[in-house]
Amino acid sequence: MCGPVRACLAGTEQHRRRISRRKLRSALLSGCRTRRAASKTTTIYACLRYLAESGGRHVITVEDPVEQIVPGIMQTEVNEARGLDFACAARHLLRQDPQVLVIGEIRDDETANLAVRAD
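Now for a look at the structure at hand. All figures in this text were calculated on a predicted structure; none of them were measured in a lab. The residue count restarts for each chain, going from 1 along the sequence in the order it is written. Since the coordinates come from a predicted model, pLDDT governs what is reported: local features require at least 70, and pairs of side-chain atoms require 80 or more to be given and counted, while whole-chain, interface and lining totals use all residues. Values reported for side chains reflect all heavy atoms of the structure, with hydrogen atoms and water molecules removed beforehand.

1. Considering the sheet that holds strand β1 (residues 59-63)
Filter applied, for reference: Strands qualify as paired when DSSP identifies two bridges or more between them. Secondary structure elements are defined from DSSP: runs of H or I of at least 4 residues count as helices, runs of E of at least 2 residues count as strands, and each element is numbered from the N terminus. Note on geometry: axes are lines fitted to C-alpha atoms, helical ones only across the stretch in contact, with angles between N-to-C directions running from 0 to 180 degrees. Contacts between residues were defined by any pair of non-hydrogen atoms, one from each residue, lying within 4.5 Å.
Spatial ordering of the open sheet is given by β2-β1-β3, a layout of 3 strands whose pairing is parallel. Each edge of the sheet is formed by a strand with only one pairing partner; in this case those strands are β2 (74-77) and β3 (100-103). The average angle at which neighbouring strand axes cross in this sheet is 15°, direction not considered. Where β1 lies against β2, 4 bridges are found, and the strand directions are parallel. Of the residues in β2, the one forming a bridge with T61 is Q75. This element, helix α3 (residues 40-54), spans β1, β2 and β3 of the sheet and lies at about 155° to β1.

2. Description of the pattern of salt bridges
Put simply, the test is: Basic side-chain nitrogens of Lys or Arg form a salt bridge, by our definition, when they fall within 4 Å of a carboxyl oxygen of Asp or Glu. Exposure classes here rest on a 1.4 Å probe applied to the protein chains alone. A residue is buried below 20% of its type maximum, exposed above 50%, and partly exposed in between.
The full count for this structure, using the stated rule, is 4 salt bridges. Where E80 meets R107, a salt bridge forms, and the shortest distance between an N and an O atom there is 2.9 Å. Here E80 is found in the loop between β2 and α4 (86-94), whereas its partner R107 is found in the loop between β3 and α5 (109-117), with 27 residues between them in sequence. Given the relative accessible area of 44%, R107 is considered partly exposed. Between E110 and R91 there is a salt bridge, with its nearest N and O atoms 2.2 Å apart. Separated by 19 residues along the polypeptide, E110 in helix α5 and R91 in helix α4 bring together distant segments of the chain. What makes E110 partly exposed here is its relative accessible area of 40%. Residue R91 is classed as partly exposed on the basis of its relative accessible area of 32%.

Next comes the structure, spelled out in structure tokens:
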């Protein structure tokens with residue numbers, strides 16, 4: 001587990017200050033095909049809560065489904081029946097110039113390309 005994620009989970013003030021000072025351009029947290037109950041969702045939401053509490057960042061998520069409401073974070077749920085998949089949502093949300101864009105799943109080449117080029 002990388003330092004920033006570990007700090008979100010551990011929550012010590014020293015770790016939080018260290019993350020706040022970092023000027024990361026992009027980060028990838030991947031949980032590809034891991035076992036159930038591997039804490040992927042817990043980790044993502046811990047980081048989102050930390051970003052919301054620290055303030056000063058425009059954070060948007062694309063999720064399927066939105067599992068926890070995080071005040072201060074703009075959360076978007078995909079709806080493939082209506083044509084809103086991860087790639088479409090990410091493409092439209094990038095126009096809002098978020099400082100942080102969280103894509104819940106990368107299921108296809110188009111979404112992967114958008115995620116890599118979003119920085």
